[in-house]
Amino acid sequence: MDTYVFLVVLSAALMHAAWNSILQQSKNSFLESFNLGIWKIPLTFCLVIILPLPDKNSWPFIICSVFIHFIYTYTLVYSYKYNDLTKVYPIFRGTPPLIVLLLGFLFLNEAVSPLGWIAVIITSLGILSLSLTGKQLERNSLISISFVTISIVSYSIIDGLGARASLNSFSYLSWVFLIHWSIYVVFISKVHGWKECIDYTKSNIIKGFIASIISFLGYSLILWAMTKAPIAYVVALRETSIIFVGIIGWLFLSEKLSKIKILSIIIIALGAGLLRLS
């Protein structure tokens, strides 16, 4: 992987960890997701006006992506509401790279080297090992976590292909997020009440605004990287965000870094290093 692309994806991983931490530590994750989404609507609306239209071949991907992102967002928020971030995050972040790697090899003709296979597997196993620590999962969340995992695999492949077909990954994502978050915000306001959602947003304006920008910028960089490198490489490297999640949890959420966590982080870092050489 090119050094510049590698550094861009690592930067996006840090952004990904940041907004996920904001969402998880909120007292009400659903209201926080509304706060996140309400700011993305004007942001992406401005971008779709400024940026050129995505190529017509990318619109089927955009439609599919909107549907999948809705499922992903809702089930992600549900999982965070009932579980500890450091417990659920490794599960639905460590599994997708392995599945994307296999699907890319079987159906997408992705050029992955032998070292690339090793790098993705090591990174994923390192991430999954972090789930061995922490509190036990709530049984009710197992279904939602499964949906999150499947959604991540689906949108990673669809958005990777869609970004390539669009000829402008930033325009592609702007349309996906504008449609998706417009639908999601209306849905959450119906379920939780418009007044409650707006009151929460008014009390958390700065947090929602910053998180929305970080979220969009982080994923837009990921899609750009997928136009430059195999999707499996980018997905695996993005999931090194778990390292940043651990650091954020240690610094700001009073979570301890056990020996198992430290060992897992070393394994993940090793996998990331091998991805750079792949």
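Quick notes on the overall build of the protein
Right, so step 1: Summing up its helical and strand segments, the protein has 12 helices and zero strands in all.
Right, so step 2: Traced from its N-terminal end to its C-terminal end, the protein shows the element sequence α-α-α-α-α-α-α-α-α-α-α-α.
Right, so step 3: In summary, the protein has a C-alpha radius of gyration of 18 Å against a globular reference of 19 Å for 278 residues, a match within 12%.
Right, so step 4: If one aligns the C-alpha atoms of the protein with their principal axes, the spans along those axes are about 55 × 45 × 30 Å.
Right, so step 5: A separation of at least 24 residues holds for 89% of the contacts in the protein among residues at least 6 apart in sequence.
Right, so step 6: Of the accessible surface of the protein, which amounts to about 12400 Å², a share of 72% is contributed by carbon and sulfur atoms.
Right, so step 7: Charged side chains in the protein number 19 positive and 11 negative. The centres of these two groups are separated by 4 Å.

Considering helix α11 (residues 241-252)
Right, so step 1: Between its first and last C-alpha, α11 extends 16 Å over 12 residues, near the 16 Å set by a 1.5 Å rise per residue.
Right, so step 2: Listing the buried residues of α11 in full gives Ser241, Ile242, Ile243, Val245, Gly246, Ile248 and Gly249.

Considering the confidence of the model for the protein
Right, so step 1: For the protein, the mean per-residue pLDDT works out to 88, and 93% of the residues sit at or above 70.
Right, so step 2: The least confident element of the protein is α11, whose mean pLDDT is 74; the most confident is helix α7 (residues 169-192), at 96.

Focus on the side chain of Thr73
Right, so step 1: Within the secondary structure, Thr73 sits in helix α3 (residues 59-82).
Right, so step 2: Under the relative-accessibility criterion, Thr73 is labelled buried at 6%.
Right, so step 3: In this view, Thr73 contacts His180, Trp181 and Tyr184; residues no more than four positions away in its chain are not counted.

A few points about the pattern of salt bridges
Right, so step 1: For the coordinates displayed, the defined rule picks out five salt bridges.
Right, so step 2: Across the pair Glu32 and Lys207 runs a salt bridge, and its minimum N-O distance is 3.0 Å. Here Glu32 is found in helix α2 (residues 29-50), whereas its partner Lys207 is found in helix α9 (residues 205-226), with 175 residues between them in sequence.
Right, so step 3: Its relative accessible area of 29% is what places Lys207 among the partly exposed residues.
Right, so step 4: A salt bridge links Glu239 to Arg93; the nearest nitrogen and oxygen atoms lie 3.2 Å apart. Taken together, the residues span a long stretch of sequence, with Glu239 in the loop between α10 (231-238) and α11 and Arg93 in helix α4 (residues 85-108) at a distance of 146 residues. Exposure class is identical for Glu239 and Arg93. Each is buried.

A closer look at the packing of aromatic side chains
Right, so step 1: Scanning the model with the defined rule gives 15 aromatic pairs in all.
Right, so step 2: Seen in terms of ring centroids, Tyr4 and Trp224 are 5.8 Å apart; in terms of plane orientation they differ by 85°. Their pairing is edge-to-face. Residue Tyr4 is found in helix α1 (residues 3-25), and its partner Trp224 is found in helix α9; the two are separated by 220 residues along the sequence.
Right, so step 3: Judged by relative accessible area, Tyr4 falls into the exposed class, the value being 55%.
Right, so step 4: With a centroid separation of 6.0 Å and 65° between ring planes, the pair formed by Phe177 and Phe216 is classed as edge-to-face. In this pair, Phe177 is assigned in helix α7 and Phe216 in helix α9, connecting sequence segments 39 residues apart. Each member of the pair, Phe177 together with Phe216, is buried.

Remarks on the environment of Ala163
Right, so step 1: Position of Ala163 relative to the elements: it lies in helix α6 (residues 141-166).
Right, so step 2: Ala163 gets classed as buried once you look at its relative accessible area, which sits at 3%.
Right, so step 3: As for Ala163 and Ala119, which are separated by 44 residues in sequence, their C-alpha atoms are 24 Å apart.
Right, so step 4: In this view, Ala163 contacts Asn168, Ser169, Tyr172, Leu223 and Thr227; residues no more than four positions away in its chain are not counted.

Criteria and cut-off values
- Residues numbered from 1 in each chain as written.
- Predicted model: local features only at pLDDT ≥ 70, side-chain atom pairs only at ≥ 80, totals over all residues.
- Heavy atoms only, no water.
- Helix = DSSP H or I, 4+ residues; strand = E, 2+ residues; numbered from the N terminus.
- Rg over C-alpha atoms; globule rule 2.2 N^0.38 Å.
- Contact = heavy atoms within 4.5 Å.
- Areas by Shrake-Rupley, 256 points an atom, 1.4 Å probe, with all protein chains shown as cover.
- Lys, Arg positive; Asp, Glu negative; His and termini not counted.
- Charge placed at Lys NZ, Arg CZ, Asp CG, Glu CD.
- Expected span 1.5 Å × (residues − 1).
- Buried < 20%, exposed > 50% of the residue type's maximum accessible area, 1.4 Å probe, protein only.
- pLDDT = per-residue confidence, 0-100.
- Salt bridge = Lys/Arg side-chain N within 4 Å of Asp/Glu carboxyl O.
- Phe/Tyr/Trp six-rings, centres within 6.5 Å; stacked < 30°, edge-to-face > 60°.

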